Amino acid sequence: MTSLTPRPPYTDDELKKLYPPSLQLQQVQILMRHGERTPVTARFQNAGLKPFWPYCASVRQLRSIMLDYNGENRPKDLAMPTTTTGKPSFHTVEWKRRLETFGHKDEPVVAKGPGHEIDDICDFGALTDLGRQSTSRLGMRLRKLYVDRLGFLPETISSTDDFYLRSTNVPRALESMHQAFQALYPPSTREADPETGKFPVPTVLTRGPGDETLYPNDGNCRRFAALSRAFAQRAADRWNTSDEMEYLNKVYGKWMPANSPRVAVDSRPRLSGIMDTVNASLAHGPETRLPEDFYDHKARKLLERIASDEWFAGFNESREYRMLGIGGLLGDIVERMVSRAEHTHSSHPVNTESATSDPSGPGIKFGLSGCHDTTLAGMLSSLGAYDSSSWPPFTSHIAIELFRKADSTSSPADQISAVTPPAKRGWWESMFPGSAGRNKNPLGPGIGRKSSEYLTSSEKSKLDGYYVRMRYNDEPVTIPGCKTPGNHLEGDDSFCTLSAFKSIVDKFTPQDWKQQCRMNLGQPATPPSGEPEWAGHP
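Owing to the predicted nature of the structure, the values given are computational and were not obtained by experimental measurement.

Asker: How would you sum up the overall build of the chain? Please name residues and give values.
Answerer: Of regular secondary structure, the chain possesses 14 helices and 12 strands. Across the 538 residues that make up the chain, the buried fraction comes to 51%. Considering only contacts in the chain between residues 6 or more positions apart, those separated by 24 or more positions represent 78%.

This is the structure in structure tokens:
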């Protein structure tokens, strides 16, 4: 799917049903796909589509941080310029960027847009001006809901200490997150520090490529890469000779290159790559549109359906796939909710460190993470709640909301009773021996990463009265395992008990992701039973 058409704001009656007075909102974590972008590579130039698009006015106003320096003849023994705090002194320089590329004879030329523009030219996969607008509008909608209508967030802030701000290192995701947060709290709502006269600079958390969990990281997880290839091959075997693929070839086949003349899951360009260019071009202006045949409604729906099967079926069918692909991220999300619940009525003082100092601490009230389509669909699929016929549009988002019953009470445990592990080890534990040990030795003092089956009665009681509700693009999501009586709020199975939600996620939360990424190499992609391990159940 291309650009998102947001649903109308909730009516008063809808808002009352979605946020009943019997529940108190405790924490919100938002994961957002970046906004509209250019294709990640040039395709279909034979159909008249120019490779370089003039939709990035931001490249006229780039800034870089420079160390203050007084010239080349500065004495070598003279200390680096510092501020009054003793830290190095920096300033910003402004510049604009133009793209250089190959000419017809490999000579260097300045890249030009369809109207011979040389400024505002986007790189491949770059967030466009339209993408900045749509992510800003998302931030405005978040402010309207959580500040203006619910009063959950304050109208003004003096710091971001109770905000968890994170993004992947992909520029379009980071820039989208910034745009959304800027609209959630524009400059006029940020209070200056009395001592400095400035609002404290927000801190954004990022990870290196080898540690990234905000998208399914097949580039740094060998076993997950193998699983991804296996499910992609299954999709190719399933779809390449189907009637659906024949229809796609009637629509797109004439534009395919001579060395790969048929559209297929694994053609060049891949079917998912065709979808990428179709969706990106459809979102933007007429200067970068393909022939109208490319936007055939039936063909676009088939592209989404087949690409979703290739990319996301593994999350729904394989426990190992979801563990290595998205389990770490969901484990972090659950840990933050459990930490909040543990300490809400604890007799011990809440850690007041900022969310950027303690990313799983109880002080986090609101999280905003810039990520990707594979993040959102992977998460929904891993919970058994993904519509496999539809690809996440640009600027889609998931809201994970933690609620507490208004009349619930918490009883902090004074004693930790002995834990008796299950006597029988299944095939999963035999394949991943470390996963059993982690349950006996939870990480840290909290219970967020401790598997539900090993929780004591007193530990389980800390989760009583808490509920989790997910909304995808402002529509409530129902998880299969939460429909079971006792696993949801009476009368509304979209409100999953925190205990049930944690139990579902615990089943595929890795303990040592990097180690588990190196295990089972060369083994089949399916479990020994050969049966799907359907997602969304405890």
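That was the structure; now back to the text.
Asker: Outline helix 7 (residues 297-317), supporting the account with residue identities and numerical values.
Answerer: Because the α-helix completes a turn every 3.6 residues, residues three or four places apart line up on one side. Taking 1.5 Å per residue as the helical rise, helix 7 with its 21 residues ought to reach 30 Å, and the 29 Å between its terminal C-alpha atoms agrees with that figure. Burial analysis of helix 7 places 15 of its 21 residues in the buried class, the great majority of the element. Where helix 7 starts, the residue carrying a side-chain oxygen 3.2 Å from the main-chain nitrogen of K298 turns out to be D296.

Asker: I'd like to hear about the pairing of strand 6 (residues 163-167), residue by residue, with values.
Answerer: On a regular strand, one side chain projects to one face of the sheet and the next to the other, so that they alternate. With respect to burial, strand 6 is a largely interior element, 5 of its 5 residues being buried. Of the two faces of strand 6, both are covered, the one formed by F163, L165 and S167 as well as the one formed by Y164 and R166. The pairing of strand 6 with strand 7 (residues 366-371) spans 5 bridges and is classified as parallel. From the neighbouring strand, R166 faces strand 7, where its bridge partner is S369.

Asker: I'd like to hear about a nonpolar patch on the surface, residue by residue, with values.
Answerer: Taken together, the side chains of I65, L67 and F90 make up a nonpolar region of the molecular surface, amounting to roughly 300 Å² of accessible area. Looking at the secondary structure, you find I65 in strand 2 (residues 62-67).

Asker: Which residues make up the packing of helix 5 (residues 243-252) against helix 7, and what are the values?
Answerer: Contact geometry for helix 5 and helix 7: axes closest at 10 Å, N-to-C directions at 130°. The orientation of helix 5 with respect to helix 7, classified from their angle, is oblique. The handedness of the crossing between helix 5 and helix 7 is left-handed. Residue-level inspection shows E244, M245, Y247, L248, V251 and Y252 of helix 5 in contact with helix 7, the latter providing K298, A299, R300, L302, L303, R305 and I306. Here the residues of the contact of helix 5 with helix 7 are counted per class, giving 9 nonpolar, no polar and 4 charged.

Asker: Let's hear about the environment of T203: which residues, and what values?
Answerer: Looking at the secondary structure, you find T203 in the loop between helix 3 (171-184) and helix 4 (222-239). Sequence spacing of T203 and L165 is 38 residues, and the spatial spacing of their C-alpha atoms is 7.0 Å.

Asker: Give a detailed account of helix 9 (residues 373-382), specifying residues and quantitative values.
Answerer: Most of helix 9 is tucked away, with 10 of its 10 residues classed as buried. Of the residues making up helix 9, those classed as buried are D373, T374, T375, L376, A377, G378, M379, L380, S381 and S382.

Asker: Could you give me a rundown of unusual backbone geometry, with the residues and numbers involved?
Answerer: Residues R268 and P269 are joined by a peptide bond in cis, for which omega reads 5°. Tracing the sequence through the fold places P269 in the loop between helix 5 and helix 6 (271-283). The residue D120 is not glycine, and still its phi comes out positive at about 70°. For D120, a relative accessible area of 17% translates into the label buried.

Asker: For the packing of aromatic side chains, give the residues involved together with the corresponding values.
Answerer: Scanning all chains against the criterion turns up 21 aromatic pairs. On the basis of an interplanar angle of 90° and a centroid distance of 5.8 Å, the ring pair of F163 and Y185 is categorised as edge-to-face. In this pair, F163 is assigned in strand 6 and Y185 in the loop between helix 3 and helix 4, connecting sequence segments 22 residues apart. Residue F163 shares its accessibility class with Y185, and that shared class is buried. Ring plane angle 85° and centroid distance 6.2 Å describe the contact between W311 and W391, whose orientation is recorded as edge-to-face. Of this pair, W311 sits in helix 7 while W391 is found in the loop between helix 9 and strand 8 (397-405), placing the two residues 80 residues apart along the sequence.

Asker: Help me get a handle on the nonpolar core, residues and values and all.
Answerer: L248, Y252, M379, L383, M470 and F501 are the most contacted members of the largest nonpolar core, which totals 83 residues. With 11 residues, the single largest contributor to this core is helix 8 (residues 319-344). Sequence-distant contacts of F501, that is, excluding residues within four places in its chain, are made with V334, M337, L383, V468, M470, I479 and C496. In terms of nonpolar packing, the next biggest core, distinct from the first, is built from 32 residues, L145, L184, Y185 and Y467 among them.

Rules behind the numbers
Residues numbered from 1 in each chain as written. Predicted model: local features only at pLDDT ≥ 70, side-chain atom pairs only at ≥ 80, totals over all residues. Heavy atoms only, no water. Helix = DSSP H or I, 4+ residues; strand = E, 2+ residues; numbered from the N terminus. Buried < 20%, exposed > 50% of the residue type's maximum accessible area, 1.4 Å probe, protein only. Contact = heavy atoms within 4.5 Å. Expected span 1.5 Å × (residues − 1). Polar contact = N/O pair within 3.5 Å; in protein donor to acceptor, adjacent residues only side chain to side chain. Pairing = 2+ DSSP bridges. Patch = residues over 30% accessible without salt bridge, like charges linked within 9 Å, V, L, I, M, F, W, Y side chains within 5 Å. Areas by Shrake-Rupley, 256 points an atom, 1.4 Å probe, with all protein chains shown as cover. Salt bridge = Lys/Arg side-chain N within 4 Å of Asp/Glu carboxyl O. Axes fitted to C-alpha atoms, helices over the stretch in contact; angles between N-to-C directions. Parallel < 35°, antiparallel > 145°, perpendicular 65-115°, else oblique. Left-handed = near helix turned anticlockwise from the far one by under 90°. Nonpolar A, V, L, I, M, F, W, Y, C, P; charged D, E, K, R; others polar. Phe/Tyr/Trp six-rings, centres within 6.5 Å; stacked < 30°, edge-to-face > 60°. Core = buried A, V, L, I, M, F, W, Y, C linked by side-chain atoms within 4.5 Å.

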